[in-house]
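Notes for the structure review
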Amino acid sequence: MAISFDEVEVGTELPAQSFPVTRATLVRYAGASGDFNPIHWNEKFALEVGLPDVIAHGMFTMAQAARVVTDWVGDPGAVVEYGVRFTRPVPVPNDGVGAVIEVTGKVAALLDDRRVRVDLVATSGGQKVLGMSRAVVQLG
């Protein structure tokens, strides 16, 4: 069911989601994106350049946060703007568990032309990993 502009108000919360991330996830994403930077798969290299461990791709993290919006609205094409600031990497340990990206969102503003701005909060390991994460969504 499509979300109608008339059904939302400032403060409307989107369903929160959790996204598990393992080393296998990173390998699949590297293959799909073509981003084979060793910080995303080589622990020795990541540590040598000062990272705490292999880290998730920033664009992967950004995409997971956007899923909260697209799942809520039901149409990825309804997202007319989306942007984030990368504030902290998501370390992905090679422990069989990996990491989890937790994402919440809420309608922050009602805009012209039946659009809303959704502000997102993405955390991993209790740390905020995206800043200024915002999407503008066209509603019916």
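Because the structure is a prediction, the values reported are computed rather than measured. (Residues numbered from 1 in each chain as written. Predicted model: local features only at pLDDT ≥ 70, side-chain atom pairs only at ≥ 80, totals over all residues. Heavy atoms only, no water.)

Things to note about the overall build of the protein chain
When helices and strands are counted, the protein chain shows 3 helices and 5 strands. Listed N to C, the secondary structure of the protein chain is β-α-α-α-β-β-β-β in terms of helices and strands. Taking the principal axes of the C-alpha coordinates as reference, the protein chain spans close to 50 × 30 × 25 Å. Here the protein chain holds 140 residues, and 39% of them are scored as buried. Long-range contacts, defined as pairs at least 24 residues apart, comprise 67% of the intrachain contacts of the protein chain with a sequence gap of at least 6. With the model as given, the accessible surface of the protein chain reaches about 7500 Å², and the carbon-plus-sulfur share is 54%. Averaged over its 12 positive side-chain charges, the protein chain has a centre that lies 5 Å from the centre of its 16 negative ones. (Helix = DSSP H or I, 4+ residues; strand = E, 2+ residues; numbered from the N terminus. Buried < 20%, exposed > 50% of the residue type's maximum accessible area, 1.4 Å probe, protein only. Contact = heavy atoms within 4.5 Å. Areas by Shrake-Rupley, 256 points an atom, 1.4 Å probe, with all protein chains shown as cover. Lys, Arg positive; Asp, Glu negative; His and termini not counted. Charge placed at Lys NZ, Arg CZ, Asp CG, Glu CD.)

Remarks on the sheet that holds strand 4 (residues 115-124)
Backbone-to-backbone hydrogen bonds join strands into a sheet, with any given pair of strands oriented parallel or antiparallel. If you trace the 5 strands from one edge of the open sheet to the other, you get 1-3-4-5-2, paired in antiparallel fashion. Two strands lie at the open edges of the sheet, namely strand 1 (13-21) and strand 2 (79-86), each paired on one side alone. The average angle at which neighbouring strand axes cross in this sheet is 20°, direction not considered. Judged from the 7 bridges that link them, strand 1 and strand 3 (residues 99-110) form a sheet pairing that is antiparallel. (Pairing = 2+ DSSP bridges. Axes fitted to C-alpha atoms, helices over the stretch in contact; angles between N-to-C directions.)

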